[in-house]
Amino acid sequence: MPDEILAIATGYMAAKQLFSASRAGLFAALAEGPATAAELAGRTGLPERSARVLADAMNGLGLLERQDGRYRNAPAAERHLAGGQDVDLRPFLAFLEDISYPHWLGYHDSMTTAEPVPLDLGGGRMDTFMTGVMTYNALHARALAACYDFTRHRRLLDYGGLSGAFLIEALRAAPGLSGAFVTTFPHVGKSLAEAGMEGRAAVVEGDVPAGPVPGGFDLVLLEHVVHRYTPADNRAILRRAREAATPDARLLVLDFFLDDEPRQRALDALHAGEYLVIDGTTVYPLAEVREWVGEAGWRPVELLALPGCPRVLVAEAR
């Protein structure tokens, strides 16, 4: 049967329906309570036909529940799309709709040339880009803190990462932990200050592969580092991470990876396409990353799968 083919081929329809539902405030409107299509139209200002189309689509995709003609948010939508207490993914959806989705219209050119399509970040598009990317990183950081026990460590180095959210979530999860962040992005210091973590975390700005790196850390985190650098740079970064670590330290490499298993993890492969078309960066094979980690003086011990997020290669110093 062609079910899988059709589900994939019409995936853009599901994405555009989701983007429109989020932009129209459908999920936020249902945070007020269950509603019929007519009531949703009144709450959102949409035509009733449009409210029904969006609500039925989100119901079919599992984001809304429907009973006796009334819709309500499913748990995932309530947590992440309706302004709840968890990571609000609406800025990330705005990034996907306004930046990523139209950029993918040039994807075939990227495939045939292995080069990214020129990316326009003029006007307010840069703000949409950064807010969306940082929102997605916040989800990853929350997922990592839920899956990994940071209380076993004393000093954490976030080496070369993109977002202060990882260090912030780790510090929140482990009151006895202190940290440092080596970065080329000045916004990291601001995010730590806004979270009230200035006294527990230092920021070192400089070149990641070659700049100064403090030492004495029993945990080193490389979050969204590997895909942004060349193999030679990644080898250097991993060696320098080992030099900054104590003899009993652990290493966490959080990123998307390509597999050698019979079935590739879809999320990683999709992001390989996203990184190619957006900025030309690379999702590397997991086997290659494991090799670099071993060469740098680490011993891989575990691979953590974070739901809806990148995976984490865990290694120990040797």
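Refer to the structure above for everything that follows.
Model, not experiment: these values are computed from the prediction.

Cut-off values and rules
Residues numbered from 1 in each chain as written. Predicted model: local features only at pLDDT ≥ 70, side-chain atom pairs only at ≥ 80, totals over all residues. Heavy atoms only, no water. Phe/Tyr/Trp six-rings, centres within 6.5 Å; stacked < 30°, edge-to-face > 60°. Helix = DSSP H or I, 4+ residues; strand = E, 2+ residues; numbered from the N terminus. Buried < 20%, exposed > 50% of the residue type's maximum accessible area, 1.4 Å probe, protein only. Right-handed = clockwise from strand over helix to strand, strands pointing away. Core = buried A, V, L, I, M, F, W, Y, C linked by side-chain atoms within 4.5 Å. Pairing = 2+ DSSP bridges. Axes fitted to C-alpha atoms, helices over the stretch in contact; angles between N-to-C directions. Contact = heavy atoms within 4.5 Å.

### Brief notes about the packing of aromatic side chains
Phase 1: According to the stated counting rule, one finds eight aromatic pairs in the structure shown.
Phase 2: Each ring, one from Phe-95 and one from Phe-129, has its centre 5.4 Å from the other, and the planes form 85 degrees; the classification is edge-to-face. Of this pair, Phe-95 sits in helix α7 (residues 90–103) while Phe-129 sits in helix α9 (residues 125–147), and the two are 34 residues apart along the sequence.
Phase 3: Residue classification places Phe-95 among the buried positions, given a relative accessible area of 5%.
Phase 4: According to the relative accessible area criterion, Phe-129 is buried, its value standing at 16%.

### Describing the pairing of strand β6 (residues 217–223)
Phase 1: Across the seven residues that make up β6, a large majority, seven, are buried.
Phase 2: Crossover β6 to strand β7 (residues 245–255) through helix α12 (residues 231–243) is right-handed.

### Focus on the nonpolar core
Phase 1: Among the nonpolar cores identified, the biggest contains 66 residues, and Phe-27, Leu-40, Met-58, Leu-144 and Phe-150 are the most heavily contacted of them.
Phase 2: Per-element accounting of this core gives the leading share, eight residues, to α9.
Phase 3: Counting residues in hydrophobic clusters, the runner-up holds 30 residues, among them Ala-244, Ala-249, Trp-292 and Ala-315.

### Section: unusual backbone geometry
One can expect most non-glycine residues to show negative phi and most peptide bonds to be in trans.
Phase 1: One non-glycine residue, Asp-68, adopts positive backbone phi at about 55 degrees.
Phase 2: With respect to the element layout, Asp-68 can be found in the loop between β1 (64–67) and β2 (70–73).

### Focus: the sheet that holds strand β5 (residues 201–205)
Phase 1: The strand order across the open sheet built from seven strands is β5-β4-β3-β6-β7-β9-β8, with neighbouring strands paired in mixed fashion. Every interior strand has two partners, whereas the edge strands, β5 and β8 (298–305), have only one. Direction aside, neighbouring strands of the sheet carry axes that sit 20 degrees apart on average.
Phase 2: Sheet topology note: the β7/strand β9 (residues 311–317) ladder contains six bridges and is antiparallel. The residue bridging Val-253 from the neighbouring strand is Leu-313, located in β9.
Phase 3: Contacts from helix α11 (residues 187–194) reach β4 (178–183) and β5 within the one sheet, and its direction differs from that of β5 by about 170 degrees.
Phase 4: Helix-sheet contacts for helix α14 (residues 286–295) involve β7, β8 and β9, and the interaxial angle to β8 is about 145 degrees.

### Observations concerning the side chain of Thr-135
Phase 1: Looking at the element boundaries, Thr-135 is found in helix α9.
Phase 2: What makes Thr-135 buried here is its relative accessible area of 11%.
Phase 3: When residues no more than four places from it in sequence are discounted, the contact partners of Thr-135 are Val-87, Asp-88, Leu-89, Pro-91 and Phe-92.

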